[in-house]
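Take a look at the letters that make up each chain.
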Amino acid sequence: MNQSNDEVSTIKQSYITKQPFQKTWVLWLALALACLLLFGDAYAFDNPMALQSTIQSQMGLNNVQFNMLYSIYSAPNIILPFFGGILIDKIGVRVSIFIFSTILIFGQGIVVIGGYTLSYGTLLAGRCIFGIGSESLNAAQAAIMSKWFEGGMVSLALGLCLSIPKLGSAMNSFVSPIIQANHNELGFTFLIGLFIVIFSWGCGLLLIYLDKKNEILMEEFKKINPQFLTPIKEKSESSDNLSQELSMQLRTNNNNHINSIDSSDYSESFLQDEEEEDNEDDEDEQTHNVHDAKEEIKLSDLKNLDGSYWILSIIIMLSEALFVPFLDNGNAFFQVKFGFSQQQAGGLLTIPYVFAALVTPIIGIYSDKIKQRSLLIVLTTVIFIITHLCLLLIHCDSACGVSALPLLSLGLCYSFYSAILIPSIPLVVKPQMIGTAFGLLGVMQNTALALFPLITGSIYNGHVINEYGQLDPFEGYVYQSYFFVGVSFFNCIIAISLYIFDKNGSQKLSRLRTKKM
């Protein structure tokens, strides 16, 4: 009897001491570090936006030349993120995070030199190198968090990973104009960005350590506690049941013999649940093999990406193009259209970032519980339409509070983008292709982010001289708004087509359900 008690005690002790980080509070520490990993990236990326008027005046740049600072950032990433995604699958996320975050430091360092010397060419070179590391680092972050949160709450995790770093952009928008006003030195203002990038690099090193330690503990945990091979279930929390349901969905999405289930048919659902329970060990082994199969990714695997992935990627590409390129010129836009100073406009432009960071966790939690995700994607595009219509139609002769309304709406757009659109990618691809899928998505996003600033800059330059031959910046920004409104409507049409395609096809975006208790 005593021997039996000792065995039970040993099992309990091993369960407690050898429990993987992924199943403890350290999971949330890893999520926080993943968010901080891109905090410096977001801060440095938007350095030019906060200082647009100063950069253009001190360096004599027009709108197209200024926007080239963003296009040159994205141009190399039309190709590199795809290979970066494959590299992530080949060598693993830990090495990838170290390599890409180190590249950020070199890139921002060159930007600092360009700021001190007022060299436009040096600025372009630094932004190009910075972009090479940045976009691939984004793909690595998404891949590592998809692995840590494979047991559930993927939408919440990826949503926070996208929205929280944007607080870095908010901080830059607010702080950089003040630093510039006090020191009147572009190089020094960029140097602050370099220090923040180094801080994020340090967070990345800690995340790498936790991920390596978690992997070791997971292997030991499975050897010592074979009865706990399946994800640990919290008996008292229904939210964890939903999280496990999402995990099951991610693992079984691509099994051809499983069809979409009518939630109203209780008997079929019951049989499905029995089958899932009988095959838990096999599915856990499949999930384990997913992480070991990263070396098998080939370019030929792209044929396995179906229509849902491609349509969704186009929507994500256009949605980011409706958010980022607008804010790239946002400081000057609000100075001209609403009468703010550079510092006032910088403070105002913190609104969408802060609001997105506050709202995204709520949307992320509930999006994991909502069955019709494709409808939420349509709703996201509708909110983009409303936002850019407001930016087009609202006008103030002097600084006015009503101009903050479309910025709140823009923050809501980004919350839906972060918590609905991006987390939908793992639902429509095979688990072992997540890194490649995000890398390919980066190719498409950066194609838009390279072209849109040049397009909007050309539109501005083409209409900045009014019909009377006078310089009229207001007219230039009005025509920019027309362009964004048109793209918003086009994006909405594509989202509706995704809803129809998914509803009549695989229903990968509409299968989430809760088990009947």
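Residues numbered from 1 in each chain as written. Predicted model: local features only at pLDDT ≥ 70, side-chain atom pairs only at ≥ 80, totals over all residues. Heavy atoms only, no water.

As annotated in an unreviewed UniProt entry, the protein chain carries the name Major facilitator superfamily (MFS) profile domain-containing protein and comes from Paramecium sonneborni. Heading Subcellular location (unreviewed entry) of the UniProt record for the protein chain holds this comment: "Endomembrane system". On record in UniProt, under Sequence similarities (unreviewed entry), the comment for the protein chain is "Belongs to the major facilitator superfamily." (UniProt positions renumbered as here; feature names shortened; annotations may be inferred.)

A. View of the overall build of the protein chain. From N to C terminus, the protein chain includes 23 helices and zero strands. Across the 517 residues of the protein chain, 56% fall into the buried class. Across the protein chain, every contact between residues at least 6 apart in sequence was considered, and the portion connecting residues at least 24 apart equals 85%. A total of about 21,100 Å² of accessible surface is found on the protein chain, and carbon and sulfur atoms cover 63% of it. (Helix = DSSP H or I, 4+ residues; strand = E, 2+ residues; numbered from the N terminus. Buried < 20%, exposed > 50% of the residue type's maximum accessible area, 1.4 Å probe, protein only. Contact = heavy atoms within 4.5 Å. Areas by Shrake-Rupley, 256 points an atom, 1.4 Å probe, with all protein chains shown as cover.)

B. Quick peek at a nonpolar patch on the surface. Together, Leu-87, Ile-91, Val-95, Phe-98, Ile-99 and Leu-205 line one region of the surface with nonpolar side chains, adding up to about 440 Å² of accessible area. Among the elements that line the nonpolar patch, the one with the most residues is helix α8 (residues 93-117), at three residues. Assignment of secondary structure puts Leu-205 in helix α12 (residues 186-224). Taking the relative accessible area as the measure of exposure, Leu-205 reaches 35% and is therefore partly exposed. (Patch = residues over 30% accessible without salt bridge, like charges linked within 9 Å, V, L, I, M, F, W, Y side chains within 5 Å. Salt bridge = Lys/Arg side-chain N within 4 Å of Asp/Glu carboxyl O.)

C. Broad picture of the packing of α8 against α12. Running from N to C, α8 and α12 point in directions that differ by 175°, and their axes come no closer than 9 Å. The angle between α8 and α12 places the two elements in the roughly antiparallel class. Grouping the constituent residues of the contact of α8 with α12 by class yields 19 nonpolar, eight polar and four charged. (Axes fitted to C-alpha atoms, helices over the stretch in contact; angles between N-to-C directions. Parallel < 35°, antiparallel > 145°, perpendicular 65-115°, else oblique. Nonpolar A, V, L, I, M, F, W, Y, C, P; charged D, E, K, R; others polar.)

D. Region of interest: helix α21 (residues 404-421). Here α21 is 18 residues long and its end C-alpha atoms lie 25 Å apart, about the 26 Å a rise of 1.5 Å per residue gives. Counting buried residues along α21, 15 of its 18 residues qualify, which places the element largely inside the surrounding structure. (Expected span 1.5 Å × (residues − 1).)

E. Spotlight on the packing of aromatic side chains. Scanning the model with the defined rule gives 20 aromatic pairs in all. Relative to Phe-130, the ring of Tyr-73 lies with its centre 6.2 Å away and its plane at 40°, an arrangement referred to as tilted. Of this pair, Tyr-73 sits in helix α6 (residues 63-74) while Phe-130 is found in helix α9 (residues 120-148), placing the two residues 57 residues apart along the sequence. You'll find Tyr-73 and Phe-130 in the same group, each marked buried. Look at Phe-333 and Tyr-477: their rings are 5.6 Å apart centre to centre, the planes differ by 85°, and that puts the pair in the edge-to-face class. Of this pair, Phe-333 sits in helix α17 (residues 330-338) while Tyr-477 is found in helix α23 (residues 473-504), placing the two residues 144 residues apart along the sequence. Classification of Phe-333 by relative accessible area gives buried; the value is 2%. In this structure an aromatic cluster arises from ring pairing among Phe-326, Phe-333, Phe-334, Phe-338, Phe-340, Phe-452, Tyr-460, Tyr-477, Phe-483 and Phe-484. It is Arg-127 that lies over the ring of Tyr-70; its NZ or CZ is 4.9 Å from the centre. (Phe/Tyr/Trp six-rings, centres within 6.5 Å; stacked < 30°, edge-to-face > 60°. Lys NZ or Arg CZ within 6 Å of the ring centre and 35° of its normal.)

F. Spatial organisation of the confidence of the model for the protein chain. When pLDDT is averaged across the protein chain, the result is 76; 76% of the residues are at 70 or more. Confidence drops under a pLDDT of 50 for residues 513-517, and excluding neighbours within four residues, the segment shows 13 contacts in the predicted structure. (pLDDT = per-residue confidence, 0-100.)

G. Summary view of the packing of helix α11 (residues 166-183) against helix α19 (residues 350-367). Interhelical geometry of α11 versus α19 gives an angle of 150° and a closest axis separation of 8 Å. With respect to α19, the element α11 is oriented roughly antiparallel. Between α11 and α19 the crossing geometry is left-handed. Only Thr-350, Tyr-353, Val-354 and Ala-357 of α19 make contact with α11, whose side of the interface consists of Lys-166, Leu-167, Ser-169, Ala-170, Ser-173 and Phe-174. For the contact of α11 with α19, a count of residues per class yields six nonpolar, three polar and one charged. (Left-handed = near helix turned anticlockwise from the far one by under 90°.)

H. Just the nonpolar core, in detail. Grouped together as the largest cluster of nonpolar side chains are 126 residues, with contacts concentrated most on Ile-55, Met-145, Leu-207, Tyr-309, Phe-334, Ile-377 and Phe-438. In contact with Phe-438, not counting residues within four places along its chain, are Ala-139, Ala-142, Ser-146, Leu-158, Ile-422, Ile-425 and Pro-426. (Core = buried A, V, L, I, M, F, W, Y, C linked by side-chain atoms within 4.5 Å.)

I. Representation of unusual backbone geometry. A positive phi is found at Leu-118, a non-glycine position, where the angle reads about 55°. Mapped onto the fold, Leu-118 is located in the loop between α8 and α9. With a relative accessible area of 40%, Leu-118 lands in the partly exposed category. Within the chain, Asn-184 stands out as a residue other than glycine whose phi angle is a positive 50°. With respect to the secondary-structure elements, Asn-184 resides in the loop between α11 and α12. A relative accessible area of 56% means that Asn-184 is categorised as exposed.

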